[in-house]
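This is what each chain is made of:
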Amino acid sequence: MALFNRRLVCKSDDLVDGGDGVRFELSNTGRVVPAFVIRFHGKAYGYLNRCGHVPVEIDWQLGKFFDHSGLYLICATHGAMYAPESGVCVTGRCAGKGLEPLNISEQDNGVYILESE
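What counts, and where the lines are drawn
Residues numbered from 1 in each chain as written. Predicted model: local features only at pLDDT ≥ 70, side-chain atom pairs only at ≥ 80, totals over all residues. Heavy atoms only, no water. Phe/Tyr/Trp six-rings, centres within 6.5 Å; stacked < 30°, edge-to-face > 60°. Helix = DSSP H or I, 4+ residues; strand = E, 2+ residues; numbered from the N terminus. Buried < 20%, exposed > 50% of the residue type's maximum accessible area, 1.4 Å probe, protein only. Lys NZ or Arg CZ within 6 Å of the ring centre and 35° of its normal. Patch = residues over 30% accessible without salt bridge, like charges linked within 9 Å, V, L, I, M, F, W, Y side chains within 5 Å. Areas by Shrake-Rupley, 256 points an atom, 1.4 Å probe, with all protein chains shown as cover. Salt bridge = Lys/Arg side-chain N within 4 Å of Asp/Glu carboxyl O.

S.K.: Tell me about the packing of aromatic side chains, and name the residues and values.
M.R.: Any aromatic ring pair is given by two values, namely how distant the centres are and how the planes are angled relative to each other. Summed over the entire model, instances satisfying the criterion amount to three aromatic pairs. Here F36 and F65 contribute two aromatic rings whose centre-to-centre distance is 3.8 Å and whose plane-to-plane angle is 10 degrees, an arrangement assigned as stacked. One end of the pair, F36, is in strand β3 (residues 31-40); the other, F65, is in the loop between β4 (43-48) and β5 (73-74), with 29 residues separating them in the sequence. For F65, a relative accessible area of 0% translates into the label buried. When the centroid spacing of 6.2 Å and the interplanar angle of 25 degrees are considered together, the rings of F40 and F66 count as stacked. Highlighted residues: F40 in strand β3 and F66 in the loop between β4 and β5, separated in sequence by 26 residues. Classification of F40 as buried rests on a relative accessible area of 8%. Taking the ring centre of Y112 as reference, the NZ or CZ of R6 above it sits at 3.9 Å.

Put into structure tokens, the structure is as follows:
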């Protein structure tokens, strides 16, 4: 049975629907990798900050992950667009590969990443 550590990423109020995300780092297979959380339709979602096409960070400015409509996450390098609620690539050069989702929990006015021990 896997055990999980709960680590605070940000306060719930730090995430605005379709607005800026919060960047953070996590350990993934022995490496420190960039990640982010965003809010979409009232729910917090988290992903590794890595485009499905090539492994580059997707935000076009620090914490800017959404396109101008606030409906899609967009890769600044290639223009690939991702569904914020699933990370699925909806258009662009991502060869059917989406964003890698993270195990996110929101409670007690905080957004947490659940990391396996």
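S.K.: Describe a nonpolar patch on the surface, listing the residues and the values that go with them.
M.R.: Taken together, the side chains of L71, Y72, V88 and V90 make up a nonpolar region of the molecular surface, amounting to roughly 330 Å² of accessible area. Assessed through its relative accessible area of 46%, V88 is described here as partly exposed.

S.K.: Would you mind going over the pattern of salt bridges in detail, with residue names and values included?
M.R.: Scanning the model with the defined rule gives six salt bridges in all. The partner of R23 in a salt bridge is D59, with the nearest N and O atoms 2.8 Å apart. Taken together, the residues span a long stretch of sequence, with R23 in strand β2 (residues 22-28) and D59 in the loop between β4 and β5 at a distance of 36 residues. On the basis of relative accessibility, which here comes to 30%, the residue R23 falls in the partly exposed class. A salt bridge links R50 to E100; the shortest N-O distance between them is 2.9 Å. On the criterion of sequence distance, the pair formed by R50 in the loop between β4 and β5 and E100 in the loop between β7 (89-91) and β8 (104-107) is long-range, its members being 50 residues apart. A relative accessible area of 28% means that R50 is categorised as partly exposed. Take E100: its relative accessible area is 39%, and that puts it in the partly exposed class. Linked through salt bridges whose partners overlap, the residues forming this network are R23, E57 and D59.

Interpretation in functional terms is not warranted from these geometric data alone.
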